[in-house]
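Remarks on the overall topology
As a plain string of letters, each chain reads:
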Amino acid sequence: MQLIRAIIRPEKVDEVVDSLDAKGFSAFTRIDVFGRGKQKGIQIGPTVYDELAKVMLMIAVNNEDSDEIVRIIEESARTGSFGDGKIFIGPVDEAYTIRTGEMGL
Amino acid sequence: MKEVIAVLRMNKIQQTKDALAEAGYTCLTANLVYGRGKQKGLYINPLGNITPDDKRAAIRFLPKRMLTLVVDDASVSPVVDLIMQTNRTGMIGDGRIFVCPMNDAVRVRTGERGNDAL
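Residues numbered from 1 in each chain as written. Chains lettered and ligands numbered in written order. Predicted model: local features only at pLDDT ≥ 70, side-chain atom pairs only at ≥ 80, totals over all residues.

A look at helix 2 (residues 76-87) of chain B
Along its 12 residues, helix 2 of chain B runs 17 Å from first to last C-alpha, staying within 8% of the 16 Å computed at 1.5 Å per residue. Looking only at helix 2 of chain B, the buried set comprises V79(B), V80(B), I83(B) and N87(B). An end-on view of helix 2 of chain B places all buried positions within 100 degrees of arc, on one side of the element. Residues S77(B) and Q85(B) are exposed on helix 2 of chain B and point more than 90 degrees away from its buried face. Check the buried side of helix 2 of chain B and you find it contacts strand 7 (94-97) of chain A together with strand 1 (2-8), helix 1 (13-22), strand 5 (62-71) and strand 6 (96-101) of chain B. (Helix = DSSP H or I, 4+ residues; strand = E, 2+ residues; numbered from the N terminus. Expected span 1.5 Å × (residues − 1). Buried ≥ 20, exposed ≤ 12 C-beta atoms within 10 Å, placed from the backbone. Arc of directions from axis to C-beta. Contact = placed C-beta atoms within 7 Å.)

Right, dumping it as structure tokens:
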């Protein structure tokens, strides 16, 4: 199992969620975060914004689905300009559904 | 060392924290998050009945609380059991728990590393 953390533009969230939903991946956790990247934020005139609003989507998936999900997120969140975000993938040892106590997704 | 990420109901959070503190797990990070599961959020038809099959989405993401605890390997299963017991109502939306590996931890004040820092 893998935990995918995708940091994307807030205005692209609906698009990403809809395109993942269409492929059958419907469970997410959404967190509003602030961040900056290699460009050290953005400078408009004399003002530097170094904490830009982003949304982090957390998705736990089976190993074989992770490549497909990353591809879908890439395609739907891409605008081509700086600030499209990043995707991080990490391992999950165990997952539990609290209602049933079952292990697994 | 493991990271336990639990996405829980808003109104269960105090109970969960109390239960964890009583069992000796006092350190945690709490976050306000929005989430949805297999049911794709909450769908309510004009009569007020909740029907998961109805595609007129009312609430795509539901507010949840996320607790993140970093615990040593031996404490993972007691913590998971405790969170599950405290939060189980038997209805959809009870939440989910993820256990992820964590390589190292550092206490900023003293510079301790590993299990000493927990």
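On we go from here.
Some remarks on the pairing of strand 6 (residues 86-91) of chain A
Residue and element names in this part refer to chain A. When you tally the buried positions in strand 6, you get zero out of six residues, a small fraction of the element. One ladder, built from six bridges, connects strand 1 (residues 2-8) with strand 6; its direction is antiparallel. Directly across from I7, in strand 6, lies its bridge partner K86. (Pairing = 2+ DSSP bridges.)

Description of the environment of R30(A)
All names here are of chain A. Mapped onto the elements, R30 comes out in strand 2 (residues 28-35). You can call R30 partly exposed: it has 19 C-beta atoms within 10 Å. Measuring from C-alpha to C-alpha, the distance between R30 and Y96 comes to 19 Å, with 66 residues separating the pair along the chain.

A word on helix 1 (residues 13-22) of chain A
All names here are of chain A. Taken together, the buried positions of helix 1 are V13, V16, V17 and L20. Seen end-on, helix 1 carries its buried residues on one side only, within an arc spanning 95 degrees. Of the residues in helix 1, the exposed ones pointing more than 90 degrees away from the buried face are D14, D18 and A22. In this fold, the buried residues of helix 1 make contact with strand 1, strand 2, strand 5 (52-61) and helix 2 (66-77). A positive backbone phi angle near 95 degrees is found at G24, which sits one or two residues after helix 1.

Examining the interface of chain A and chain B
Each side of the interface is counted separately: chain A has 20 residues, and chain B has 27 residues. Sorting the residues of the side of chain A that touches chain B by element identifies strand 2, strand 6 and strand 7 of chain A as the ones contributing at least two each. Sheet topology places strand 7 of chain A next to strand 6 of chain B; four bridges connect them, and they run antiparallel. In the sheet register, Y96(A) faces strand 6 of chain B, and the bridge partner there is I97(B).

A word on the pairing of strand 2 (residues 29-36) of chain B
Examined bridge by bridge, strand 2 of chain A and strand 2 of chain B share three bridges and lie antiparallel to one another. By the bridge assignment, F28(A) is partnered in strand 2 of chain B with R36(B). Bridge count for strand 2 of chain B against strand 5 of chain B is seven bridges, and the pairing is antiparallel. From the neighbouring strand, T29(B) faces strand 5 of chain B, where its bridge partner is T68(B).

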